[in-house]
Amino acid sequence: MTNIDTTPIDYTASANNILPQFVDRLRQLHSIIVQNTYVKDTAKHLNRIIQDANNETMVLIVGKQRVGKTTLVNGLLGRSILPVSDQNPTGVNTFLRYGENEEVKAYFLDGMVAIFDMSKLELLTTGDTFASQILREHLDYLEVYIKHDLLKSVTIIDSVSLEAGGGEMAYFSESLINRVDEIFWVLRSQSMAIDAEILLMEALKNKGVVPLCIVNAIDTNNNTEAFISSEKERIGHLISDFVPVSAIDALEAQRTENKELWHQSQYDNLIAQIQRVAMNSDKKTYAIIIRFLQWLERFRFELTVIPHRDPFQSAVENIEKFAGDTQYEFSRYQRDLAIVQEYEQEYEQVANVFKNVQTLYQLLQTISQNDYLQDDQVEQFTEKAIIYQQALREYRNMHNEYMREYERLDAQHKKIHGKGLMKAIFGQHTQNEFFKERVLRLNEQQEECVTQYAKVREAEASIIEEIQSIQSYLIGLSKKRLARIEKRVKELNQQRAKEKKQLKLYAAKLNEFSCLIEAQGFIKDNIQPFLMEDRMPLRIKDQQMLKETIDSIIDIDLSKNGLLARSQMNNKMESIEIPFEVGSKYPLQGLHLAETDVRSNDIPAIPKKLEVQYES
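Being a predicted model, the structure only gives us computed values, none of them experimental.

Undergrad: Would you explain the overall build of the protein in this entry?
TA: A count of helices and strands for the protein gives 22 helices and 11 strands. Compactness check: the protein gives a C-alpha radius of gyration of 51 Å against a globular reference of 25 Å for 616 residues, more than 25% above the reference. Considered along the principal axes of its C-alpha atoms, the protein spans approximately 175 × 55 × 45 Å. Counting every position in the protein, which comprises 616 residues, the buried fraction comes to 46%. Within the protein, contacts between residues separated by at least 24 positions form 80% of all contacts whose residues are at least 6 apart in sequence. Of the roughly 32400 Å² of accessible surface on the protein, a fraction of 47% belongs to carbon and sulfur atoms. Side chains of the protein carry 73 positive and 90 negative charges; the gap between the two charge centres is 6 Å.

Undergrad: Is there a simple way to think about the side chain of Lys284 in this case?
TA: Relative to the elements of secondary structure, Lys284 occurs in helix H12 (residues 281-305). At 3.3 Å, the side chain of Lys284 and the backbone oxygen of Asp52 are in polar contact. If we ignore the near neighbours within four places in the chain, the residues touching Lys284 are Asp52, Ala53, Asn55, Glu56, Thr57 and Asp181.

Undergrad: Explanation requested: the sheet that holds strand E8 (residues 212-216) in the structure shown.
TA: Spatial ordering of the open sheet is given by E4-E3-E5-E2-E6-E1-E7-E8-E9, a layout of nine strands whose pairing is mixed. Each edge of the open sheet is held by one strand with a lone partner, namely strand E4 (113-116) and strand E9 (242-244). The mean angle between the axes of side-by-side strands here comes to 25 degrees, regardless of whether they run parallel or antiparallel. In this structure, strand E3 (residues 103-108) lies alongside strand E5 (residues 139-146), joined through six bridges in antiparallel fashion.

Undergrad: I would appreciate a short explanation of the pairing of E3 in the present structure.
TA: Consecutive side chains along a regular strand alternate between the two faces of the sheet. Bridging between E3 and E4 involves four bridges; their strand directions are antiparallel. Bridge pairing in E4 places Ala106 opposite Ala114. The turn linking E3 back onto E4 is made up of four residues, and Gly111 within it adopts a positive phi angle of 95 degrees.

Undergrad: Before we go on, may I ask you to explain the packing of aromatic side chains in this structure?
TA: Going through the model one piece at a time under the given rule, you end up with 12 aromatic pairs. Grouping aromatic residues by their ring pairs yields a cluster made of Phe22, Phe292, Trp295, Phe299 and Phe530.

Undergrad: How do you make sense of the packing of H12 against helix H18 (residues 514-531) when you look at a structure like this?
TA: The description of two helices packed together rests on the angle between their axes and the distance between the axes. Packing of H12 against H18 brings their axes to within 13 Å, and their N-to-C directions diverge by 150 degrees. As summarised for this structure, H12 and H18 are arranged roughly antiparallel, according to the angle between their axes. Handedness of the crossing formed by H12 with H18: left-handed. In contact with Ile289, Phe292, Leu293, Leu296, Phe299 and Leu303 of H12, H18 contributes Leu516, Ala519, Gln520, Ile523, Ile527 and Leu531. Of the residues in the contact of H12 with H18, the class split is 11 nonpolar, one polar and no charged.

Conventions and cut-offs
- Residues numbered from 1 in each chain as written.
- Predicted model: local features only at pLDDT ≥ 70, side-chain atom pairs only at ≥ 80, totals over all residues.
- Heavy atoms only, no water.
- Helix = DSSP H or I, 4+ residues; strand = E, 2+ residues; numbered from the N terminus.
- Rg over C-alpha atoms; globule rule 2.2 N^0.38 Å.
- Buried < 20%, exposed > 50% of the residue type's maximum accessible area, 1.4 Å probe, protein only.
- Contact = heavy atoms within 4.5 Å.
- Areas by Shrake-Rupley, 256 points an atom, 1.4 Å probe, with all protein chains shown as cover.
- Lys, Arg positive; Asp, Glu negative; His and termini not counted.
- Charge placed at Lys NZ, Arg CZ, Asp CG, Glu CD.
- Polar contact = N/O pair within 3.5 Å; in protein donor to acceptor, adjacent residues only side chain to side chain.
- Pairing = 2+ DSSP bridges.
- Axes fitted to C-alpha atoms, helices over the stretch in contact; angles between N-to-C directions.
- Phe/Tyr/Trp six-rings, centres within 6.5 Å; stacked < 30°, edge-to-face > 60°.
- Parallel < 35°, antiparallel > 145°, perpendicular 65-115°, else oblique.
- Left-handed = near helix turned anticlockwise from the far one by under 90°.
- Nonpolar A, V, L, I, M, F, W, Y, C, P; charged D, E, K, R; others polar.

Rendered as structure tokens:
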């Protein structure tokens, strides 16, 4: 049921012609929008409208607990098909449809459909076992297929009981109410409609929905007429009519083939009402059209918010980088190419880092200038090398000081005695004591040189012992550095490929919305002209609503001014890998220091000790 004006419609066009044509257009529209997952629920609602338009007339049985809704349906079917339980009322909405093979289809909330035989109906509707409770928690609704002539023209829905409490309006599924062609509101004789029910009836009345009231269990009340009269005073303005029946008598009459009891049940009146609803095809056509107008409003709202939400928004923002600036990808490639060129220069430097290393000093300089050649093992070696160099410098300094002092004293001795210190023979000359003292001091310096020279050779031997292994280790560090550079280039290309792939995904995501653009055109070119024809049972206000809604739908720009077409994504998004073929171009230079390259070749010899000679 939908928000249908109660004013009679002055149209006589047959639904046998209009409705099938309309449904055909709705099917085409559904096939277009179902391609987009963003409007999945909206497409589902449209499909439900299509199904309901093709289905038999649907009558919804509504009422609070214990009024006999299920028994009422069983009375129409002539046998106790639906389980009835005093402890557990019907726990799931049950659609009774015509079927040659009697079976139950269970529709679960996650979309799964399972088929059961009729023996499982109690388990699914009123059973109180743990399995029953688990199943019902996940059930959406049931379809029960029964071979009964009444169901050839009408689908009857046995609904769950109205939920109400605290005097508030009773709750019932609005989506289900909107789907049906008629509502039969069941009261039990002598059990008045409660306030919550009346509030719901008033809400339905405001939507143009006026149910038929079925007063059940007249067999238990001899004064049903008075009860109906009283209820007419209270809720007559909310009810189209009152039909008294006895579901119990109807069931028993059909079981025993008792015509008098059947007459007493007054089920003929109820069946007449059902047939009346089934034959009112014009009303159904109008109701389906109105439901579609309401669906259009929902569709309009969803199209309105799409441009402002992901994934549409993020897809547009990323693709606009390409569509908005044709130089963007080129400049990005040039930037990445410059980065790779820097990596190539670094690779060349590392590959040639030992090219000019020919001495220990040059090796230490190279290590100190390149962080990647420094770690604990290398540091231990460099410390030993530095100790060796320091010992060597100290020895040279000692040797130089000795030689300066020797040469100065030797010159003085020659000046006084006419010969050098090496030929000196100290006697009673007044200057000999001076020279003797200085010679002793020189010999002390000579001993210091001997000690320092031993330190130099010891440090030198330690370096020579490690020089081969440390060279291999340094080569290994260089190889790791080269591999790291190659990895960086690979990661850069992987990042580029990832970005390209992501942009392709954005393009694909944006392309998903192209079906909605197609839907906009289909609604304008195929739906609107059809519904605006004179033969359609639409009032002026309906036509005005239709035009305003469709105009709003058309005005929504999902193409972003042809962004996807302008971007030429297939050409722009080719993954171009930047080449980095440096291995053969820059082979790693080896490190080949020999002992002679490490040992200092200009270490001055240890000065000879001066022997003091005296005159005999």
